[in-house]
Amino acid sequence: MEATAREQVAGRSVEWPTRGLSFGGDYNPEQWAPEVWREDVRLMGEAGVNMVTLGVFAWGLLEPSDEEYAWGWFDEVIGLLAGAGIAIDLATPTAAPPSWLLHQHPEVLLVDEHLVRRAPGSRLGWCPSSPVFRGYALRIAAALAERYGDHPAVRLWHVSNELGGGNARCYCDVSAARFREWLADRYSDVEVVNAAWKTAFWGHRFSSLDEIQPPRGAQHAVNPGLFLDYARFSSHELLEHYLGEAEVIRARSAAPITTNFMVGSGSHVVDYSDWARHVDIVANDHYTLVDDPGRAEDLAFSADRMRGLVDRDSPWLLMEHSTGAPSWQQRNRAKDPGEIARNSLAHVARGADGALFFQWRASLGGAEQFHSAMLPHAGTETRVWQEVVALGRGLERLAVVAGSPVAPARIALLVDEESAWAFEQGLKPHRGLSYARESRVWHTAFWNRQVLVDVLPADAPLTDYSLVVVPSLFISGDARAERITRFVADGGTAVVTYLSGIVDPTNTVIPGGYPGAFRGMLGAWTEEFRPLQIDEEVRLDDDSSVRDWTEDVVLDGAEPVVSHLDGATQGRAAVTRHDYGEGGAWYVSAALASSSVQRIVDRLIAELALPREVEAPPGVEAVRRRTIDGDVLFVINHTSDDVTIATGGLDLISGETSPDATVVPAGRVVAVLEGMRP
Amino acid sequence: MEATAREQVAGRSVEWPTRGLSFGGDYNPEQWAPEVWREDVRLMGEAGVNMVTLGVFAWGLLEPSDEEYAWGWFDEVIGLLAGAGIAIDLATPTAAPPSWLLHQHPEVLLVDEHLVRRAPGSRLGWCPSSPVFRGYALRIAAALAERYGDHPAVRLWHVSNELGGGNARCYCDVSAARFREWLADRYSDVEVVNAAWKTAFWGHRFSSLDEIQPPRGAQHAVNPGLFLDYARFSSHELLEHYLGEAEVIRARSAAPITTNFMVGSGSHVVDYSDWARHVDIVANDHYTLVDDPGRAEDLAFSADRMRGLVDRDSPWLLMEHSTGAPSWQQRNRAKDPGEIARNSLAHVARGADGALFFQWRASLGGAEQFHSAMLPHAGTETRVWQEVVALGRGLERLAVVAGSPVAPARIALLVDEESAWAFEQGLKPHRGLSYARESRVWHTAFWNRQVLVDVLPADAPLTDYSLVVVPSLFISGDARAERITRFVADGGTAVVTYLSGIVDPTNTVIPGGYPGAFRGMLGAWTEEFRPLQIDEEVRLDDDSSVRDWTEDVVLDGAEPVVSHLDGATQGRAAVTRHDYGEGGAWYVSAALASSSVQRIVDRLIAELALPREVEAPPGVEAVRRRTIDGDVLFVINHTSDDVTIATGGLDLISGETSPDATVVPAGRVVAVLEGMRP
Amino acid sequence: MEATAREQVAGRSVEWPTRGLSFGGDYNPEQWAPEVWREDVRLMGEAGVNMVTLGVFAWGLLEPSDEEYAWGWFDEVIGLLAGAGIAIDLATPTAAPPSWLLHQHPEVLLVDEHLVRRAPGSRLGWCPSSPVFRGYALRIAAALAERYGDHPAVRLWHVSNELGGGNARCYCDVSAARFREWLADRYSDVEVVNAAWKTAFWGHRFSSLDEIQPPRGAQHAVNPGLFLDYARFSSHELLEHYLGEAEVIRARSAAPITTNFMVGSGSHVVDYSDWARHVDIVANDHYTLVDDPGRAEDLAFSADRMRGLVDRDSPWLLMEHSTGAPSWQQRNRAKDPGEIARNSLAHVARGADGALFFQWRASLGGAEQFHSAMLPHAGTETRVWQEVVALGRGLERLAVVAGSPVAPARIALLVDEESAWAFEQGLKPHRGLSYARESRVWHTAFWNRQVLVDVLPADAPLTDYSLVVVPSLFISGDARAERITRFVADGGTAVVTYLSGIVDPTNTVIPGGYPGAFRGMLGAWTEEFRPLQIDEEVRLDDDSSVRDWTEDVVLDGAEPVVSHLDGATQGRAAVTRHDYGEGGAWYVSAALASSSVQRIVDRLIAELALPREVEAPPGVEAVRRRTIDGDVLFVINHTSDDVTIATGGLDLISGETSPDATVVPAGRVVAVLEGMRP
């Protein structure tokens, strides 16, 4: 099979860097002696690695002093990889500036919100707005692209690394000055800023943009408009950095360009829904949180959210995940037997055309010396190595899914970076609410039923869907609310949950009863929020009880679905439903328990006849990819019992064929090629 | 009824700003368009608002740039309010300096104890000792007073806002220099400081006052004398600021002057017992703590403490409280139905001649955009608005209580700001003890029995009382101890609890057995403190058990009342009683459980024949105000059951009359006019 | 008896400062009026005090301004003490620089890791590398030694106080520059540093030593090699300070010189195993942790560790402990009745030739005004005073043990400061593991059986032992591993626990299966760490369960002793045993519960026939000192029941003789002179 060309960026043909699915990881040869390089390439072959990310942390080795380059060792490594047919995802090394640069230019180091300048000795500690740093970064990017831009093994460019991971928001004076320019662009005049931010409160009115500072330093509370705009500005500055590097590469190389996002279930360091259209291949780093019992569900959410960032017929790339323990968590758990494959293939099932790891060979020194790798400290006589090799083989056999879309979903769940930022900041009615939790509980209820959900940016088109779930969409200006309202009026069903539609895009409350933006569609409104104290619990009439959040809901056309049995809201509705136009609108005013959410989701599945991929117990995950040879049904069994699914066919992973039904052993994954649809 | 003139400040006749009780809130018209102002005034009329606090955060709008004033909009608002007969409590806007001032003079910003200068963008972030800030503040105060000092609607001046709320202690070099001057005044010579602070410890002896620094920066532990004097100094500096503003206003206006205190149950940012004599009307801001199950009890404590700050025949003013959720707590609970009235009327019952709220109309933007208000985001179709209107009507019908004293108490409970500061600072035997908890547990035991307690500054006269409760009065020099001892010798009863009388006013231990200052009177002393570990509990012989704190008590004339059943103190007394002179002195050496405190309080009520206002279950609060038309008995039913009290008469709130007994429905308040005493 | 001369420092004869055992405490007369000094000396006599530490915090009083000295009061105090026959341990007062010095030279104040300069007003806040501070410190030390070096009452010098207690690591620019010099000495060249620290990771390669900074400021994660070397450097700098002071004293006085260590069960501020050979008498400060239920066990561990720092035939000195509450803990518990003697005599039993306290008389002011003392605030009518007097008498009667060695142990438990530092720093597989916990649980299991353990620096000779316990010896280079391996090959038994032998002395992982350094000897290795989450528990087949830590162990010659019953490690070994050479090697791969450790220890006691000092229940502590008159058996009964031990003889403490058996009452201590061995 030839590498597939795909139209991903308007007017630009992108060629996928590998044939079939991509498999490999970050490769940091600078940590090892040249004799190890040869062993590495041999073992990569053994494992079926077809792509590595090279050079992420190599700046200090490639440019050992100011404008003096040391290409020799890198040429040799690239030659070894190319000779073995391994595609190179070549990274610009700008995540980790060399020590000499930080020594010469300490002013490029980030200043945090407490006005403390970051010390050298870590990574990503630079100010995204620093023209000095930008100059050095673009120079090394250009030098790399100049030298390797036409190298046939260089199939992808990897700009910097996890941009914003350690420098999401800089508060230095250079950033402050840039922020004022950004404000001048956005608002034209200081009085427009005053109006947008409601600076009359606490008498903060600005006479001039010069008086505006980032939300930094010791303060009682920050203006919500300022906070939100600084978050937007910071995302913009990092994107500008990306675009700057991309531009110098594009001038010197025809290979596609990407950077590794860090898409999870909650709020992110930047607004990836804005970034996605600027990268040639959308790529993600995903690490499960070791203490999260729902980490498989979380992974599925994240992968479905990745799909929402691309044209839904296009694949994306899992750029980093781990074979075992990460390094930066409290108790860095190893993966259970089989978990590597379950994690990797769950991403593939949900649209990833590759599964790469950080990193190839476990480091002996440095801050992440205990981070897991494809090749562990203990070498090849290990379960981890065996599972890596088996995964590589499995991915080879799954080549048919490369380039194929995921079978379409009928449910959209809307997420919004800016809403997440605003939701979790400042003096809120309840400061402990989690945007991620509220989104995920709905997604998981569908996951439990093997029903696919597209997790979409809040302003994505909804025409293909039957149901839209709107969890805590805090910011909803008129346009956004109107689109959702029109979707319902036209026959769709919407589930809107608490703290949606509370503020407009300036982070200003929409008055007149919450959720202001959706009040008409919902036929219900809230007169007062009623957050619960930490030990408070209110019973509902669906046999569940609610913690954390309730509201004083007033019915205005809607019917109650679930009501409160006690507390100050006794007798009031917790969940309502309203016929609106041709469709229906639900309002969920309380932080429902997952059992309660499941009950609503089951009712929606039945009423809207939403198809399940398979019928299986919760913990069995199922998704189809639609290939030219027919659908491939991925079934991932996270439970400790074997399950049988009513679909037969060739399991591409094991190579076995079952006529009518397929047994999926506990902890294992199958990928059944169902044959052509009639 | 005419506004009553009262002698509150020696030689100065103060006229109460409204007829009858005051009702209203903070009004911030600068946040709204002029058309909203007209609706506001109309709705204020509907609610019975007769006073608003104006201009608290308006500096940046009144003086939009240095020494240029914009009076027009303010003239218009004042005209609208005056036209509607609404009294104006005119605030100097100095709590929130304008952005241009902080931009021009960043040196006026406070420096915190970690030596970090506060950033602009919040409020009250200025150094109380800054001559630069003082100059600007007095200039705007003078300009305001010049323009509106004679306006007939301006009935009260409100200096700044919650002074010390965000700037209780500044540690900048300007403050440090002022502190040295203050020390020179207080101690005359550095050797007197050395002696007072016992600087020989750790060899800290100062050769010169110039070597003395505020207790700032990274330190192992702070000298207790230095700590306490810096707290005194800081209170003094803020009072100087108040006096400075008051002076420029007094020169231009005959209206009374106040500032809003923040009196609660624990330690405060300044020493209000020192401040109270400097304000014309003593005013308080009180917000319940949402996670405190005893918040009604706490409110009663706070109100009784307010009464202790004024001449007890004089009313005080509740300047701020809330109709619902505050903004600055973790889970900002709404109030339960009826709670607004219960809270407001509990303050009135205990001596407040008015109940005002922060704020009139809920803000849409700014840091406190989710703070509740009299007029919520959801408008007038809400329970909150209805309760506000009903409260306004109720307060009108209670006009007869205006100016009347609360019927006298026979119990004094002593509190002391300096003791609270010293008690909770530094390397203490048990760092987790709460001064507020120990005071409140005794107050609540009387509250449960409808027995009124005056909460008094520790040096207040005791002649009118039968019983004095002395909870953890950490600082007791000779004079203070002698007054309490004389009270007992003359026939009074005193209950002294642990960690009273431990240090003198320099924060130096009084040696010779604790509590040194009270040892003779108590007939008992402690050889060693015996704090308990977090999971330790010691049983007492009164069926209770004690946590946190016990002592090795030695009897020296006293009899044991309660003793320890186990632990290292087994067999030793926990509570003792001693006949002393004509009276009796109790020592409570342990952090008793509330049930144990209740048992002692019940015995004291019986033995001393302390009258209950009514006989009712705990949770029913009862207080009398003594009007010229007879006593008005306020009964506030915090329970979920109706209660009947054996008092008949006209309920001023409902307008209904009951001949012999009155039913107080669950959650409701009555105010029964009992008629003239025979 | 004459004071004993002992060979402790090569080529230097050290005379013990007192006859018999030393008893007394810190004496700070500068805090008291001269009339109190006379009472102090009288009461010291009453208590049997024969030594005090003088002048620890007296700098500001001895040198009240720059180079002006006030000796008069000190002469008088020294005269009083000398007149009463009390030996003086004369301290250089450099722990607490005078206020005038810090005022003139703020640059000598320490800068913490967050780059915040310490404020004056505490103690030990100076930079150990500051040449300015060093100059002042050596000058006052020289002046003191000049004046009192020949005074017959000055029997010991006490350099500074708890060096490193408040200034273990300074991060100022002076320290940074010194660190670079230290690196140049250690590594010769920057490329050697790059190799040792594996700076290729994250591209941190240094072009020059000038680019290296201390691990200070805001960072994501610190290079492990840098961290460890900075800890080594910091210990070195403080030792240099000690040596500097010692040199100027040595030039002026023949008395021995010491400084008070702070040896406990965990990691220390400096590497005392390096320091011990530089002091004439090894002295320790030991405070129990009030919330530690195993504080008696911890004390025993600490005392056994002290013995490991000296030539094992030499005594050491307990320089500070407390009679009751410390000041710096959260809930500073008093000691239980009898606990003072149990604590003091446990130290003596384990080799201390004296028991001193901080401090003589309780301070009334200063940061530690509530720290307990020999003479409490409440005076001499107290239990504490009575117990102090009784202890003094008891120590006099124990004079025979002075200078005698502790009867030899057959078990060595290895500890290592550098391993502890490395173990608890940085991005570890499990960041919550405690090095101290893992060491102590093994020591306690022997303590429970009255079996003595020597706690030794990891590189101490092992030839005298049958068993060596190696808990989490994180750093094990080749030499260290080889010595332990040879010990086993030659017939010894070793118990190696998890996370031993993981890195080499540069903090670089030893690859090839953990624990790399010991893999061959153990006949077992680990392919992957498997830390458990906070609520996870895995059952073992010895009826216990394990939390926190498990591993995927592979057997390679060893036999399983204990195995996992569930979890991802089900069926795998948790504990293994391997015949190696003439001996046996155990591997404990899991964080065993104490019951499980006890079971292994009991098996080892039985198999290796390790003798118990007495047979008694857990909680009864027993150790022998081997005097010229015969063994003295100390038995300390920490339980609440009397116990009878099968040893008769004269109890030196009570003066009573029992023929065959001795009753040790609950909470009491006996010291039975067993008579000469036949």
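Residues numbered from 1 in each chain as written. Chains lettered and ligands numbered in written order. Predicted model: local features only at pLDDT ≥ 70, side-chain atom pairs only at ≥ 80, totals over all residues. Heavy atoms only, no water.

**Observations concerning the relation of the copies chain A and chain B**
Note on the copies: chain A fits chain B at an RMSD of 0.0 Å, the axial shift is 0.0 Å, and the rotation between them is 120°. Between the two chains, the operation in question is that of a three-fold axis. Residue V116 of chain A, judged by its C-alpha, is the member of chain A lying nearest the rotation axis, at 5.9 Å. (Least-squares fit on C-alpha atoms with pLDDT ≥ 70 in both.)

**As for the nonpolar core**
Residues W197, W442 and F446 of chain B together with L81 and L398 of chain C are the most contacted members of the largest nonpolar core, which totals 210 residues. Considering each element in turn, this core owes the most residues, 10 residues, to helix α5 (residues 131-148) of chain C. For W197 of chain B, the contacting residues outside a window of four places in its chain are F179, L183, Y187, F206, I212, N223, G225, L226 and D229 of chain B together with G366 of chain C. (Core = buried A, V, L, I, M, F, W, Y, C linked by side-chain atoms within 4.5 Å. Buried < 20%, exposed > 50% of the residue type's maximum accessible area, 1.4 Å probe, protein only. Helix = DSSP H or I, 4+ residues; strand = E, 2+ residues; numbered from the N terminus. Contact = heavy atoms within 4.5 Å.)

**Examining the interface of chain A and chain B**
At the junction of the two partners, chain A supplies 51 residues and chain B supplies 48 residues. For the pair chain A and chain B, the interface holds three salt bridges. One salt bridge connects R530 of chain A with D336 of chain B, and the closest N-O pair in it is separated by 3.7 Å. Inspection of the region where chain A meets chain B yields 22 residue pairs in polar contact (both at pLDDT 80 or more). Considering each element in turn, the side of chain A that touches chain B owes the most residues, seven residues, to strand β16 (residues 524-531) of chain A. By residue class, the composition of the side of chain A that touches chain B is 23 nonpolar, 16 polar and 12 charged. (Salt bridge = Lys/Arg side-chain N within 4 Å of Asp/Glu carboxyl O. Polar contact = N/O pair within 3.5 Å; in protein donor to acceptor, adjacent residues only side chain to side chain. Nonpolar A, V, L, I, M, F, W, Y, C, P; charged D, E, K, R; others polar.)

**Overview of the packing of helix α6 (residues 173-187) of chain B against helix α8 (residues 224-250) of chain B**
Residue and element names in this part refer to chain B. Orientation of α6 relative to α8, taken along the N-to-C sense of each, is 105°, at an axis distance of 10 Å. Between α6 and α8, the crossing angle belongs to the class labelled roughly perpendicular. On the side of α6, the interface is formed by S175, A176, R178, F179, W182, L183, R186 and Y187, while α8 contributes L226, D229, Y230, R232, F233, H236 and E237. For the contact of α6 with α8, the residue count by class is eight nonpolar, two polar and five charged. (Axes fitted to C-alpha atoms, helices over the stretch in contact; angles between N-to-C directions. Parallel < 35°, antiparallel > 145°, perpendicular 65-115°, else oblique.)

**A short note on the interface of chain B and chain C**
Facing 50 residues of chain B, the contacting portion of chain C comprises 47 residues. Counting each side, the surface lost to burial between chain B and chain C is near 4400 Å², with a carbon and sulfur contribution of 55%. Ranking the residues of chain B by area buried against chain C places F201, W202 and Q533 of chain B at the top, with a combined share of 17%. For the interface between chain B and chain C, the tally reads three salt bridges. Between R331 of chain C and D548 of chain B there is a salt bridge whose closest N-O contact spans 2.9 Å. Within the side of chain B that touches chain C, the residues separate by chemical class into 23 nonpolar, 16 polar and 11 charged. (Buried area = accessible area lost by both parts, 1.4 Å probe.)

**Let's talk about the pairing of strand β4 (residues 51-54) of chain C**
Each regular strand carries side chains that alternate between the two faces of the sheet. Residues and elements named next belong to chain C. Burial along β4 is two-sided: the face carrying M51 and T53 and the face carrying V52 and L54 are both buried. With four bridges joining them, strand β3 (residues 22-27) and β4 adopt parallel strand pairing. Each bridged residue has a counterpart across the sheet, and for G25 the counterpart in β4 is V52. Viewed along the sheet, the connection from β3 through helix α1 (residues 34-47) into β4 turns out right-handed. Two elements, β4 and strand β5 (residues 87-91), share four bridges in a ladder whose sense is parallel. Within β5, the position partnered with M51 by the bridge is A87. (Pairing = 2+ DSSP bridges. Right-handed = clockwise from strand over helix to strand, strands pointing away.)

**What about unusual backbone geometry?**
The step from F358 of chain A to Q359 of chain A runs through a cis peptide bond, and the omega angle for that step is -5°. Here Q359 of chain A lies in the loop between β11 (352-357) and α12 (383-397). Here Y514 of chain C and P515 of chain C are connected by a cis peptide whose omega angle stands at -15°. On the secondary structure map, P515 of chain C appears in the loop between β15 (493-497) and α16 (519-522). Phi at L124 of chain B is positive, roughly 55°, even though this residue is not glycine. Its place among the elements puts L124 of chain B in the loop between α4 (99-104) and α5 (131-148).

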